[in-house]
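# Architecture at a glance
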Amino acid sequence: MMATIMCSTTIVLLLLSLAITETQGQQEYVNNKQLDCENQYNTTYGNVCNSVSSCQSYLTFKSSSPNYNTPSSISYLLNATPSLIAESNNITDVDLIPTDNMVVVPVNCSCSGNLYQHNATYTLKVLGETYFTIANNTYEALTTCQALQAQNPAGERNLTVGLQLHVPLRCACPTKKQLDAGFKYLLTYLVSEGESISSIADIFGVDEQSILDANEISSTSVIFFFTPILVPLKHEPPTKIQTAVSPTESPPPPPTTTTPAGNGGSGSSTKWVVVGVTVGVALSLLVILLVFFLCFYRRRRTPAAAAEAKPFSASATSEETKKLSHATPTTESFSLSYEGIRYAIESLTVYKFEDLQKATGFFGEDNRIKGSVYRASFKGDAAAVKVLKGDVSAEINILKRINHTNIIRLSGFCVHKGDTYLVYEFAENDSLDDWLHAEKKYQNSRTLSWMHRVQIAHDVADALNYLHNYTNPPHVHKNLKSGNILLDGNFRAKVSDFGLARAVEDQGFQLTRHVVGTQGYMPPEYIENGVITPKMDVFAFGVVILELLSGREATGGDKNGSGEQMLSAYVSQVLEGDNVRDKLRGFMDPTLRDEYPLDLAYSMAEIAKHCVARDLNSRPNISEVFTTLSKIQSSTLDWDPSDELERSRSYSQVSDSR
């Protein structure tokens, strides 16, 4: 009897051991549960560490956003290396990638807390982002809302613009069984609509069973499009992945109750992807209803056809703006074109003029910030209201499309009697120009520290890098200057005033006969020939760096009034010839009182010198400038002011002894 029991126990333990080995040998398919953010599932947290602690792995990324359509921009998002992405896809690191093309991203996959993942960081760009949208829209299902919630302290309701999140990207390392079978890598593949295990196996030249085993699914299991699966590879992935179906721009289906893997299917060896039929039908019906409504609504407006072409009237209240055709015709000209208004109201708040009057104290002098900009308060929230004349729809449309923490955010507008009132986020610390040049106003009672100046330069470079490389098409600000760089309560820079901004297709250039700008910031090619390129902003940014270093104005001499000279020309005199160290000290803003690292100041001055080169081809790209400033910022954080003071004293003693 005892022998029978022992034998039975041994068999059970052996079976359990085999079962555990089998489970640990593979990874469980996420099975569409990544869309159900309200519930927690083990599969949504990541792949379980079941072999080596780290390995070379591959992700696939199918960007539907123009912000991530080059190896450089994708690497920024996924914390990968641009050159490796370019090499893996047989392109250069600045090539534009067509929308929905599958991109291979080599990463290092490591075990963290018993889960395999590749770590990235993401800074919230706009109000309204959630763990769901970040996981599924921004990162294209390479992470999940459940994993983001588990690895970040902020709750769903505490996500604010500027908050930095830890992003665990799904990856895995081959098991011993897979290594013995000759598989060297695991690739995280995003299933496209209409694909099957069979078609995916054909893409990568592997057998179906290896994919089934890697994801713990069977030949009758259902797989869902827009879910990640693991594909074992014996060789590096192909440089161009051609999906088995035509690309689709359909968004992921909403969270639904899904059929568990292995509980459905036709019994066929082909495992077709389940498309959100119900969602598709619902969307189709919505589109049909919308088209019917628009046609009916437009037909109802036909009797007032004459009013359609006439300008919008008087004060644009939110209700009136929603009903554009009901506005009373008037002969007054409008600051926004009709198309501009129709486009703007899609996402911006439309304010009543009366509300703006109350918020600004009836545009009283006490609330005037500068020029036509007024401080406002809406239910306790501070804002800035700018009054403009002329057609400003271009500026509104640009600010609607770009979102960056270092670019001033436009929240709404109002149109009243020919003027447009733009409502922006409020920058508590005014402009950089006020801090560097308005001594009379502040009587030298405040100054920017070295750390603040480096941070401001870094912020502005980050904003320009976004405009030049992460918007589609690229944009040129055209009017960058210290007066258009605002500072928030933490002295973080916000680039403002996009009234002259211009889109530049394919990183090329444009010509204009209408040269407009601020003396001292405009590059020679623009003044002389009207040439507009991103290098125009690089030149202006070089001047801003020189202002940050010296405290001097772009067209001034020095603070002692020794004659007017362009800063862009003066910097060469400082950095060339003999006694550069002494000349640089004399160039630096005296309000810093030698409380800055001279070596880093020299590095920044060198950057500025290259930025303001007369030949635009000799200027660096803003991405290069941003990278260098990132290193300077990192070094500044390690800098100890007391060390610099001691070095300064030692240097003075050596000089005196001579």
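All of the points below concern the structure found in this document. (Residues numbered from 1 in each chain as written. Predicted model: local features only at pLDDT ≥ 70, side-chain atom pairs only at ≥ 80, totals over all residues. Heavy atoms only, no water.)

### Some words on the pattern of salt bridges
What counts here: Only one rule defines a salt bridge in this text: a Lys or Arg side-chain nitrogen within 4 Å of an Asp or Glu carboxyl oxygen. A run of DSSP states H or I qualifies as a helix once it reaches four residues; a run of E qualifies as a strand once it reaches two. Both are numbered from the N-terminal end. With a 1.4 Å probe rolled over the protein chains alone, any residue whose accessible area is under 20% of its type maximum counts as buried; one over 50% counts as exposed, and the rest are partly exposed.
All told, the structure shown has 12 salt bridges when counted by the stated rule. Two residues, Lys386 and Asp497, come together in a salt bridge whose shortest N-O distance is 3.9 Å. Here Lys386, found in strand S13 (residues 381–389), pairs with Asp497, found in the loop between strand S18 (493–495) and strand S19 (502–503); they are 111 residues apart in sequence, far enough to count as distant. On the basis of relative accessible area, Lys386 is assigned to the buried category, the value being 18%. The partner of Lys609 in a salt bridge is Glu576, and the shortest N-O contact between them spans 3.4 Å. Residue Lys609 is located in helix H23 (residues 598–611), and its partner Glu576 is located in the loop between helix H21 (567–575) and helix H22 (580–587); the two are separated by 33 residues in the primary sequence.

### Some details on the nonpolar core
Note the following rule: Nonpolar cores were defined as sets of buried Ala, Val, Leu, Ile, Met, Phe, Trp, Tyr and Cys residues, with membership established by side-chain atoms within 4.5 Å. Should any heavy atoms of two residues lie within 4.5 Å, those residues are considered in contact.
Counting 74 residues, the largest nonpolar core has Trp450, Ile456, Val460, Phe498, Phe541, Met604 and Leu629 as the members making the most contacts within it. Apart from residues lying up to four places away in sequence, Met604 is in contact with Trp450, Val454, Ala457, Ile545, Leu549, Leu629 and Ile632. With 38 residues, the next largest nonpolar core counts Val107, Tyr131, Val167 and Cys173 among its residues.

### Description of the packing of aromatic side chains
The condition that has to hold: Only Phe, Tyr and Trp rings are paired, with Trp represented by its six-membered ring, and only when their centres lie within 6.5 Å; those with planes under 30 degrees apart are stacked, over 60 edge-to-face, the remainder tilted.
All told, the structure shown has 12 aromatic pairs when counted by the stated rule. On the basis of an interplanar angle of 20 degrees and a centroid distance of 6.1 Å, the ring pair of Phe353 and Phe363 is categorised as stacked. A residue pair is termed long-range when its members are at least 10 positions apart, and Phe353 in helix H14 (residues 353–359) and Phe363 in the loop between H14 and strand S11 (368–370) qualify at 10 residues. With a centroid separation of 6.2 Å and 40 degrees between ring planes, the pair formed by Trp450 and Tyr596 is classed as tilted. Pair noted here: Trp450 is in helix H18 (residues 450–469) and Tyr596 is in the loop between H22 and H23, with a separation of 146 residues, a long-range link. Of the two residues, Trp450 and Tyr596, both sit in the buried class. Put simply, the rings of Phe353, Phe363, Tyr374 and Tyr421 pair up and form one aromatic cluster.

### Overview of the pairing of strand S4 (residues 115–123)
How we decide: Strand pairing requires that DSSP identify at least two bridges connecting the strands.
The sheet contact formed by strand S1 (residues 47–48) and S4 spans 2 bridges and is antiparallel. Counterpart to Asn47 in the pairing with S4 is Tyr116. As defined by bridge partners, strand S3 (residues 102–112) adjoins S4 across 3 bridges and the pair is classed as antiparallel. Bridging across to S4, Ser110 finds its partner in Gln117. Taken together, S3 and the strand that follows it, S4, pair antiparallel across an intervening segment of 2 residues, in which Gly113 is found at a positive phi of about 60 degrees. The sheet contact formed by S4 and strand S5 (residues 164–170) spans 7 bridges and is antiparallel. Residue pairing across strands places Thr121 opposite His166, the latter belonging to S5.

### Re the packing of H18 against helix H24 (residues 622–637)
This is how it is decided: Note on method: axes are straight lines fitted to C-alpha atoms, helices fitted across the in-contact stretch only, with angles between N-to-C directions ranging 0 to 180 degrees. Convention used here: angles under 35 degrees read as roughly parallel, angles over 145 as roughly antiparallel, angles from 65 to 115 as roughly perpendicular, and any remaining angle as oblique. Left-handed describes a crossing whose near helix is turned anticlockwise from the far helix through less than a right angle; right-handed describes the clockwise counterpart. Under the scheme applied here, ten amino acids are nonpolar (Ala, Val, Leu, Ile, Met, Phe, Trp, Tyr, Cys and Pro), four are charged (Asp, Glu, Lys and Arg), and all others, including Gly, are polar.
Two elements in contact, H18 and H24, have axes separated by 9 Å at closest approach and are oriented at 155 degrees. Relative to H24, the element H18 is oriented roughly antiparallel. Like other packed secondary-structure pairs, H18 and H24 cross with a definite hand, here left-handed. Facing H18, whose interface residues are Trp450, Met451, Val454, Gln455, Ala457, His458, Ala461, Asp462, Leu464, Asn465, His468 and Asn469, H24 presents Ile622, Ser623, Phe626, Leu629, Ser630, Ile632, Gln633 and Thr636. Of the residues that constitute the contact of H18 with H24, the class distribution is 10 nonpolar, 9 polar and 1 charged.

### So, unusual backbone geometry
Note on backbone geometry: most residues besides glycine have negative phi, and most peptide bonds are trans. For the peptide bond that leads from Asn472 to Pro473, omega is 5 degrees, which places it in the cis range. Within the element layout of this structure, Pro473 appears in the loop between H18 and strand S16 (475–476). One non-glycine residue, Asn79, lies in positive phi territory at about 55 degrees. Relative to the elements of secondary structure, Asn79 occurs in the loop between helix H3 (71–78) and helix H4 (82–88).

### Focus on the sheet that holds S13
Within the open sheet, the 6 strands sit side by side as S10-S14-S15-S13-S12-S11. Their pairing is mixed. Sheet topology places strand S10 (349–350) and S11 at the edges, where each strand pairs with a single neighbour. Pairing between strand S14 (residues 410–416) and strand S15 (residues 419–425): 6 bridges, direction antiparallel. Within S15, the residue paired with Val415 across the bridge is Thr420. Each of S13, S14 and S15 is contacted by helix H15 (residues 393–401), which is oriented at about 25 degrees to S15, the strand it contacts most.

### A closer look at the state of the cysteines
Our working definition: The rule for a disulfide is simple: a pair of cysteine sulfur atoms within 2.5 Å.
Counted according to the given criterion, the structure contains 4 disulfides. Disulfide pairing places Cys109 opposite Cys171 at an S-S distance of 2.0 Å. Negative torsions about the S-S bond denote left-handed disulfides, and the value of about 85 degrees found for Cys109 with Cys171 makes this one right-handed. On the criterion of sequence distance, the pair formed by Cys109 in strand S3 and Cys171 in the loop between S5 and helix H7 (176–180) is long-range, its members being 62 residues apart. Residue Cys109 shares its accessibility class with Cys171, and that shared class is buried. Sequence-ordered numbering of the disulfide-bonded cysteines in the protein chain gives the connectivity 1-6, 2-5, 3-8, 4-7.

### What about the environment of Cys171?
Take Cys171: its relative accessible area is 0%, and that puts it in the buried class. Between the C-alpha atoms of Cys171 and Cys109, which are 62 residues apart in sequence, the distance is 6.0 Å. For Cys171, the residues in contact, after removing those within four places along its chain, are Asn47, Ser57, Leu59, Cys109, Tyr116, Gln117, His118 and Thr188.

These results come straight from atomic positions and should not be treated as a statement about function.
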